[in-house]
Each structure stands twice: as structure tokens, then as C-alpha cells.
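Observations on the model geometry
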2 protein chains.
Amino acid sequence: MGHSQAEKAETHQRIVDVAARRFRELGIEGISVADIMKEAGLTVGGFYKHFTSRDDLVVEALMASFAEIEESDLTQQPTLKKTIQTYLSEKHRDEVHSGCALSSLVNDVSRSTDDAREVFTQRLERSLSHIENQIPPEIDGNHRAKAILAYSACVGAMSLSRAVSDPKLSRQILNTVSAELISLFSAKPSQGSLA
Amino acid sequence: MGHSQAEKAETHQRIVDVAARRFRELGIEGISVADIMKEAGLTVGGFYKHFTSRDDLVVEALMASFAEIEESDLTQQPTLKKTIQTYLSEKHRDEVHSGCALSSLVNDVSRSTDDAREVFTQRLERSLSHIENQIPPEIDGNHRAKAILAYSACVGAMSLSRAVSDPKLSRQILNTVSAELISLFSAKPSQGSLA
DNA sequence: ATTATCTATAGATCTATAGATAATGC
DNA sequence: ATTATCTATAGATCTATAGATAATGC
């Protein structure tokens, strides 16, 4: 008991990391403060010396999830094709606890606090920019618009593939959306739609 | 008290309807059995003469949400263009309680029971068929694949537009994905991607 | 002296059940 | 007699706080 300030910072980070993992897996309301503390090797009493409220932890855990993504495979791919394939992989689908929180918590966040929704929004803007920057320059049309389409499709496909009970359909959603998006971004310049 | 069997059926339907509405709005775990019963004009004690468990109500409420969609504007549009525009409308975004549960509860269902996930899966297959059947015959490529892409984009865009705190971005997501999908389904036959 | 964490608990809430009450329906 | 609903409550759980304990750090 009564550890140093340095240790407190480590403890704080450990609590946030457990929450970031478990919220993605079980939903924002899917685990209690007491269980999070237990999993971090602590007891519930100390919680409110680290956070003013449970909602405060929710915001920090969201930020931690997003910071983690920034350094993960999901953001480190060299081409748009590989970014899409990595996002829409079975590995990403099955490892919810370390995956993109924009997919796993989008419904939860829409019912959460304004603070949580703001953190979410900032991260979404970054992800959209990242996709937009990876679109090959020879692709015509509005790249921002295509990034929004592609990212919406990725979030929808990943969410649906996790909800579905049929493993074959789950795989089909991932592989089909992946292939369709990739073909969209390697389309011939003659594709223009004037209508 | 002690009403007729006919009245019991009506009462049952009323409970399910309240749950179907509130679950979409607040999440599957976002409202208690007691509050659902109160909103249906009843008290909590009678609940378990109608349902064997809370999970049982969840499945019935999901089925009711889906049955409602089958008869709503969302499914009654004459063309694919109108279907997409209706799905990705601000009205649909704002009226979560009567909207498509595939969008509003996709994260919740992925953490729910096998029964809930099966009902969800069946509904998803129907929605995919509906989109597929509305794709104009002159569009080349695999129509099932294009339906999966379009529906994933719709679910992703609707979910994201509800989670985001910036109203401008929220509208942009809906309008952009709508326009991009519609242009995709009115593309010239010369669009083929050989790569 | 201050503080990081612990034990213990208040007070609210949630699912589910027991038993009473007042209708229905043979 | 059966049953649809009600009141009341058991038992589990959840957020948040109070006060004790054992370190840190001036």
C-alpha cells in the first residue's frame, strides 16, 4: 500500500488498459468498475482517486484504444489494399479486445456522453484522412467521399461479421467487402458516372 | 387484474413493442424489465408469466423490430436509389426507436445470446436479398457481392452518423455514402476492373 | 504530513420469485 | 378451478464514499 507517484502512474495506465480491452470486448456497460480493478490487481476503493467517475474512465479508455490503433498493424500498412485487407481480416474480427473501437463500440458511443462522442469523432476524422491519403492519385472522383464510403463499409462489414451466427456468412461479408473495395480503388480511369 | 386470454395476447404484444422501441434507442441492456413493464402500463411481477427470461424478451423484441421494418418505408421503396436514400436519411438517423435494428443493435447483438444472433442473421439475409433484387439487371459484376458492399456501407454509415458529435460530419457521412452508392449502381457498362 | 491503496458499506438498481387478488371460463 | 396481474421482497450487483493502513517524500 501507499506506493510512489511513479507507481501510481503505472497503476493508472494499467486500469485504463484493462478497461480499453474489456470495453471493446463486452461493451462500455459490460463490465463493472470493481471487476476492472480486480483485473488490474487492485480493489474497488482506490478507483476514485484515479478517476472522478466511471464516465471519466470510459473517455480515457477510448483514447487509449485509439492510441493503440495508431501504432498497430491496422494503421501501419503500406498500401490502401493492405489496409483494407488487414481491417477486414478474420484476425481483426476475432480479436475484438485489441481491434478498432470505431467498429466494436460505435453503437455504445452513440448512447454515451458528449465527451465520449467527441473523442470518437476526432478519431474517425483521423481514420478518414488516413484512408484518403492512401487512395492512389490516379483514381478520379472525390477522394474524401471515397474514403467515407470505404470506411463506412469497413465499419459496417466488421460489425456485421461479428454479430452474425453463421461463420460462412461472416467470412463472406469480410471477403466480399474487401474485394469490392479493392476493385473500386483499382478501377480503370474510364469508369466515370455522369448521371 | 385477471383479464381474458385475448387481452393477455394484447398485453404481450404491448410489452414486446415497448422493448423493441427502447432496446433500439437505449441498447439491449439499456432499460430494465421493470421500466419496460411500467411503460407498457403494467408492473414487474407479471413479466415472467409472459417470458421465461429477459433474454427471451430480447429475442421477441428483435423479431418485432424486424417485422416492423418489413412493412415500413425502409423496405417499401420502388427503386434501389430510393431504398438507399431512405435508409441513409436524417429521419432514419434521428428516429432510432423505429429504425433498422441491424444498424442500431449490431454491436449489442454480437455480445448477446446465440438465439439473438440467429434472428439477426436471418434478417440480414433477407435485407441482402432485398438489395440484391433491386440492383438493375444492366449492372455487371456479382450482384450478391455488390449487395453485401452496399448494405455494409449503409449499416456503417448510419451507425457512424449517430455516434459522431459533429452534426456537419454526421450529415456528410449520410449524404456522401448515399451519393457514392447510387453512382456505383448507375455506372456505365464500361467500368470493368480486370485487375 | 501526505497519499496510494485497502476494507467495508450505503444506497440504488436489477432479475427473478412468492403469494395475494380479482377476473375468466369450464 | 384457473389464471392474468398485482404487491412485496430476496439476493445479486453496481457506483460511489468513508475511514483505516502503510507507504512516500518534504
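Please read these numbers as outputs of a predicted model, since none were measured by experiment. (Residues numbered from 1 in each chain as written. Chains lettered and ligands numbered in written order. Predicted model: local features only at pLDDT ≥ 70, side-chain atom pairs only at ≥ 80, totals over all residues. Heavy atoms only, no water.)

Let's talk about the protein's contact with DNA strand C
Residues in contact with DNA strand C amount to 24 residues; listed here are only the nearest, Thr11, Thr43 and His50 of chain A together with Tyr48 and Arg54 of chain B. Take the atoms of DNA strand C that sit within 4 Å of the protein: sugar and phosphate atoms are 76% of them. The side chain of Thr11 of chain A places a nitrogen or oxygen atom 2.8 Å from a phosphate oxygen of DNA strand C. Among the elements that take part in the surface near DNA strand C, helix 1 (residues 5-26) of chain A stands out by supplying 3 residues, more than any other. (Near = heavy atom within 4 Å. Polar contact = N/O pair within 3.5 Å; in protein donor to acceptor, adjacent residues only side chain to side chain. Helix = DSSP H or I, 4+ residues; strand = E, 2+ residues; numbered from the N terminus.)

A few points about the packing of helix 9 (residues 143-163) of chain B against helix 10 (residues 167-184) of chain B
Residues and elements named next belong to chain B. The interhelical angle for the contact between helix 9 and helix 10, taken along N-to-C directions, is 170°, at an axis separation of 8 Å. Judged by the inter-axis angle, helix 9 sits roughly antiparallel to helix 10. Across the interface between the two elements, Leu149, Ala150, Ala153, Cys154, Ala157, Met158, Leu160 and Ser161 from helix 9 touch Ser170, Ile173, Leu174, Val177, Leu181 and Leu184 from helix 10. Among the residues making up the contact of helix 9 with helix 10, the classes are represented as 12 nonpolar, 2 polar and no charged. (Axes fitted to C-alpha atoms, helices over the stretch in contact; angles between N-to-C directions. Parallel < 35°, antiparallel > 145°, perpendicular 65-115°, else oblique. Contact = heavy atoms within 4.5 Å. Nonpolar A, V, L, I, M, F, W, Y, C, P; charged D, E, K, R; others polar.)

Section: the relation of the copies chain B and chain A
Copy one and copy two of the chain differ by a rotation about a common axis and a shift along it. Rotating chain B by 180° and translating it 0.0 Å along the rotation axis places it on chain A, where the RMSD comes to 0.0 Å. Such values leave the two copies arranged in the relation of a two-fold axis. The fraction of interface residues of chain B whose copies in chain A are also interface residues reaches 100%, indicating that both copies meet through the same surface. (Least-squares fit on C-alpha atoms with pLDDT ≥ 70 in both.)

Concerning the protein's contact with DNA strand D
For DNA strand D, the set of nearby residues contains 24 residues, the closest of which are Tyr48 and Arg54 of chain A together with Thr11, Thr43 and His50 of chain B. Within 4 Å of the protein, the contacting atoms of DNA strand D are drawn from sugar and phosphate to the extent of 76%. In this structure, Val33 of chain A approaches DNA strand D through a main-chain N or O atom, which is 2.9 Å from a phosphate oxygen. Thr11 of chain B places a side-chain nitrogen or oxygen 2.8 Å from a phosphate oxygen of DNA strand D. Per-element tally for the surface near DNA strand D: the top contributor is helix 1 (residues 5-26) of chain B, with 3 residues. The residue makeup of the surface near DNA strand D, split by class, is 5 nonpolar, 16 polar and 3 charged.

A few points about the environment of Ser65 of chain B
Residues and elements named next belong to chain B. In this structure, Ser65 sits in helix 3 (residues 54-71). Taking relative accessible area as the criterion, Ser65 reaches 1% and is therefore assigned buried. Residues Ser65 and Thr43, 22 residues apart in the sequence, show an inter-C-alpha distance of 23 Å. In contact with Ser65, not counting residues within four places along its chain, are Ala20, Arg24 and Ala101. (Buried < 20%, exposed > 50% of the residue type's maximum accessible area, 1.4 Å probe, protein only.)

Considering the pattern of salt bridges
Per the stated rule, a full pass over the model turns up 28 salt bridges over all chains. The salt bridge partner of Glu68 of chain A is Arg24 of chain A, with a shortest N-O separation of 2.8 Å. In this pair, Glu68 of chain A sits in helix 3 (residues 54-71) while Arg24 of chain A sits in helix 1, placing the two residues 44 residues apart along the sequence. Accessibility expressed as a relative area gives 2% for Arg24 of chain A, which makes it buried. Ionic pairing is found between Arg93 of chain B and Glu90 of chain B, a salt bridge with its closest N-O pair at 3.2 Å. (Salt bridge = Lys/Arg side-chain N within 4 Å of Asp/Glu carboxyl O.)

Notes on the confidence of the model for chain A
For chain A, the average pLDDT comes to 94, and 94% of its residues sit at 70 or higher. Note that pLDDT drops below 50 for residues 190-195 of chain A; the model gives that stretch 7 contacts with residues more than four away or on any other chain. (pLDDT = per-residue confidence, 0-100.)

Quick word on helix 10 (residues 167-184) of chain A
An ideal rise of 1.5 Å per residue puts 26 Å on 18 residues; helix 10 of chain A measures up with 26 Å between its terminal C-alpha atoms. Against helix 4 (80-87), helix 5 (90-94) and helix 9 (143-163) of chain A together with helix 8 (114-134), helix 9 and helix 10 of chain B lie the buried residues of helix 10 of chain A. You can read the cap of helix 10 of chain A off the contacts: a side-chain oxygen lies 3.0 Å from the backbone nitrogen of Lys168 of chain A, and it is on Asp166 of chain A. (Expected span 1.5 Å × (residues − 1).)

Focus on the side chain of Arg123 of chain B
Residues and elements named next belong to chain B. Secondary-structure assignment places Arg123 in helix 8. Here Arg123 falls in the buried class, since its relative accessible area comes to 7%. The contacts of Arg123, once residues within four sequence positions are left out, are Phe66, Glu70 and Leu102.

Things to note about the environment of Gly46 of chain B
Residues and elements named next belong to chain B. Within the secondary structure, Gly46 is located in the loop between helix 2 (33-39) and helix 3. Residue class for Gly46 comes out partly exposed when judged on its relative accessible area of 30%. Placed 12 residues apart in sequence, Gly46 and Ala34 show a C-alpha to C-alpha distance of 10.0 Å.

Thoughts on the interface of chain B and chain A
If you look at the interface, chain B gives 53 residues, while chain A gives 53 residues. A buried area of about 4,300 Å², summed over both sides, lies between chain B and chain A, and 61% of it is on carbon and sulfur atoms. Three residues stand out in chain B for area buried against chain A, namely Arg111, Leu149 and Leu160 of chain B, and they jointly supply 14% of the buried area on that side. In this structure, the connection of chain B to chain A is made through 4 salt bridges. Residue Arg111 of chain B pairs with Asp108 of chain A through a salt bridge whose shortest N-O separation is 2.7 Å. The tally of links from chain B across to chain A stands at 20 residue pairs in polar contact (both at pLDDT 80 or more). At 14 residues, helix 9 of chain B tops the list of elements feeding residues into the side of chain B that touches chain A. (Buried area = accessible area lost by both parts, 1.4 Å probe.)

Observations concerning the packing of aromatic side chains
Residue and element names in this part refer to chain A. For the coordinates displayed, the defined rule picks out 8 aromatic pairs over all chains. Ring centres of Phe47 and Tyr48 lie 4.8 Å apart, and the angle between their planes is 75°; on these two criteria the pair is classed as edge-to-face. Between Phe66 and Phe120, the aromatic rings sit 6.5 Å apart at their centres with planes inclined by 70°, giving edge-to-face as the arrangement. Of this pair, Phe66 sits in helix 3 while Phe120 sits in helix 8 (residues 114-134), and the two are 54 residues apart along the sequence. Ring pairing ties together the aromatic residues Phe47, Tyr48 and Phe51, which thus form one cluster. (Phe/Tyr/Trp six-rings, centres within 6.5 Å; stacked < 30°, edge-to-face > 60°.)

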